[in-house]
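Chain by chain, the residues run as shown.
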Amino acid sequence: MSKERVLVIAAHPDDEVLGCGGSIARHVADGDEVQVAIMAQGLFSRGTPEEAEQQALRDACAEANRILGVQGLECFDLPDNRLDSLDLLDLVKPVEALVARHRPGIVYAHWSGDVNIDHRRLHEAVVTACRPQPGHPVHTLLFFEIPSSTEWQVPHSAPAFWPGWFNDIGSTLDTKLRALDAYAMEMREWPHPRSLKAVEHLARWRGACVGMEAAEAFVLGRHLNRH
């Protein structure tokens, strides 16, 4: 059976682990090739960070993705929490370039209803870049949830996150939590939803919903059953 090429497109450092870190580790364990792209800066919405802080976040990102076992990590430098200041085309082009270079069959990206504006804008860019034109490599497009963004949206302000696709991460949940621990500077204390305890509870709940020990949940954007 041929192995998959997987591309994870996330807005900020730690989103890739929060959203699908267990799935990344499972893909790697299955022999799939996983590439991760982080599109925006992760600190600048809080003011102008010191160079030491920026370097610490870059190091944390590299370590987290090393723990997950990804084959490639690329970090862009788009404005943090200001992706709405860019024309959509300026987001679509780098995503299209990533897809053209890596030729993924599976793409993981943000859900359209998150509170965070960068998540919403990047969702639009990914959908545009992954239009199912003849010869396009992507056959499965999955949108993940981000604790402290997806569930913080209020009713009727945006589409609700109703997952219909679940990846079993019973064997890789510990790897996801270790990768998040590398992002200690970005994590919060319980009962914040972006705490290690909350992330584990969410994985256990998503798993229990479908008869698994732990799972990550996704909204399916598109799946092409090609011959």
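Structure: above.
Okay, so let's go over this structure. Worth saying up front: this structure is predicted, and the values here are computed from it rather than measured.

Two strands in a sheet stick together by hydrogen bonds in their backbones, pointing the same way (parallel) or opposite ways (antiparallel). In spatial order, the strands read S3-S2-S1-S4-S5-S7-S6; together these seven strands make up an open sheet with mixed pairing. The open sheet is flanked by strand S3 (72-78) and strand S6 (165-168), the only strands paired with a single partner. Each neighbouring strand pair of the sheet contributes to a mean axis angle of 25 degrees, computed without reference to strand direction. Bridge count for strand S1 (residues 5-10) against strand S4 (residues 106-110) is three bridges, and the pairing is parallel. Paired with Val6 across the two strands is Ile106, which belongs to S4. This element, helix H2 (residues 51-68), spans strand S2 (33-40) and S3 of the sheet and lies at about 150 degrees to S3.

In this section: the pattern of salt bridges. Within the structure shown, the criterion is met by ten salt bridges. Linking Glu216 and Lys176 is a salt bridge whose minimum nitrogen-to-oxygen distance equals 2.7 Å. You can see Glu216 sitting in strand S7 (residues 215-223) and its partner Lys176 sitting in helix H5 (residues 173-182), a full 40 residues away along the chain. In this pair, the class of Glu216 matches that of Lys176, namely buried.

Calculation criteria
- Residues numbered from 1 in each chain as written.
- Predicted model: local features only at pLDDT ≥ 70, side-chain atom pairs only at ≥ 80, totals over all residues.
- Heavy atoms only, no water.
- Pairing = 2+ DSSP bridges.
- Helix = DSSP H or I, 4+ residues; strand = E, 2+ residues; numbered from the N terminus.
- Axes fitted to C-alpha atoms, helices over the stretch in contact; angles between N-to-C directions.
- Contact = heavy atoms within 4.5 Å.
- Salt bridge = Lys/Arg side-chain N within 4 Å of Asp/Glu carboxyl O.
- Buried < 20%, exposed > 50% of the residue type's maximum accessible area, 1.4 Å probe, protein only.

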